[in-house]
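Here is what each chain is made of, one letter per residue.
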Amino acid sequence: MVSTTTLDFVLDAPWCRALTSEQAARVRLDLRERHVNKGGSICHVGAQVQYWKGVVAGLVKMSVVSPGGRMSTFTGLAPGAWFGEGPVLRSDTWDFDGVAMRDTHIAMLPRTTFQWLLDGSLPFNRYIVTQLSERLAQCFSVIEAERLEVAETRVARCLAWLFNPVLYPGVGSRIELSQQEIGYLAGVSRQRVNRALRIMEEAGLLDVSYGAVVVRDLAGLQHFRA
DNA sequence: TCATTAAATTGTT
DNA sequence: AACAATTTAATGA
């Protein structure tokens, strides 16, 4: 049995609302949850994918480590994010590391249930396709920012990703995130984050406050160039 | 409720 | 990376 917060979170998720009552009932039955303390591991490269996971609360950093030991952070996963469908469909093992950037609450749906939904629900398939498409678009956006090698642009894209309403429907316009944390996510120093945020605030794209950012113009953030 | 202190975050060099 | 300034949270009168 899972907590009511997790249950509410899942039943309210866009993919779940599209299911039949019978399917939703099985989801409810198979659902598990887990609390991960700050710094704890949510998934790691090479491990078997047992569950399709959703971020109920907290923040997860998605990263990979190269053979040389260099670490590259892809993105943050904000509340409302569901992830793991890629590994489930492709390789059965995780292809990235997930680390909790703060105390995090994870909802987990067994792989077999996930596949059962894929086989039995057209709306669920549509949701997954939308999810994958959105992620692909975001990947292009981030790759472009990397090539430009402008820290401000990377920060902007990184934030735009975090506030993506398709991927993270629960996220409003405000996310509690220190400049240090943004630095980890975007792969730039805290100083650069600080400067980038000021520039973007000046441009009217967002407001910065103590330990949080409020997005004013998401589209503007996505297309921001330094 | 207010004042004091510690901790976290931000701004600057 | 180090330091100072600022904001928040916690504590106790």
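Please read these numbers as outputs of a predicted model, since none were measured by experiment. (Residues numbered from 1 in each chain as written. Chains lettered and ligands numbered in written order. Predicted model: local features only at pLDDT ≥ 70, side-chain atom pairs only at ≥ 80, totals over all residues. Heavy atoms only, no water.)

Student: Before we go on, may I ask you to explain a nonpolar patch on the surface in this structure?
Tutor: A cluster of nonpolar side chains, namely Leu136, Phe140 and Ile143, defines an oily patch on the protein surface of about 320 Å² accessible area. Along the polypeptide, leucine 136 turns up in helix α6 (residues 122-148). (Patch = residues over 30% accessible without salt bridge, like charges linked within 9 Å, V, L, I, M, F, W, Y side chains within 5 Å. Areas by Shrake-Rupley, 256 points an atom, 1.4 Å probe, with all protein chains shown as cover. Salt bridge = Lys/Arg side-chain N within 4 Å of Asp/Glu carboxyl O. Helix = DSSP H or I, 4+ residues; strand = E, 2+ residues; numbered from the N terminus.)

Student: Mind showing me how you'd approach the pattern of salt bridges here?
Tutor: Side chains that carry opposite charge are capable of pairing whenever their charged atoms lie near each other. Tallied over the full model, the rule gives 10 salt bridges. Between glutamate 144 and arginine 225 there is a salt bridge, with the nearest N and O atoms lying 3.0 Å from each other. Of the two residues, glutamate 144 is situated in helix α6 and arginine 225 in the segment after α10 (218-222); the sequence distance between them amounts to 81 residues. Using a relative accessible area of 49% as the deciding quantity, one classes arginine 225 as partly exposed. Via salt bridges that share partners, Glu144, Arg157 and Arg225 belong to a single interconnected network. (Buried < 20%, exposed > 50% of the residue type's maximum accessible area, 1.4 Å probe, protein only.)

Student: Would you take a moment to explain the sheet that holds strand β1 (residues 32-36) for this structure?
Tutor: Two modes of strand pairing occur in sheets, parallel and antiparallel, and in both the strands are linked by backbone hydrogen bonds. Taken in spatial order, the four strands make up an open sheet running β1-β8-β3-β6, and their pairing is antiparallel. Each having just a single partner strand, β1 and β6 (82-83) make up the two edges of the open sheet. Of the pairings in the sheet, the one linking β1 to strand β8 (residues 104-110) comprises five bridges and is antiparallel in character. Note on β8: the bridge partner recorded for arginine 34 is isoleucine 106. (Pairing = 2+ DSSP bridges.)

Distances and angles like these do not, on their own, reveal function.
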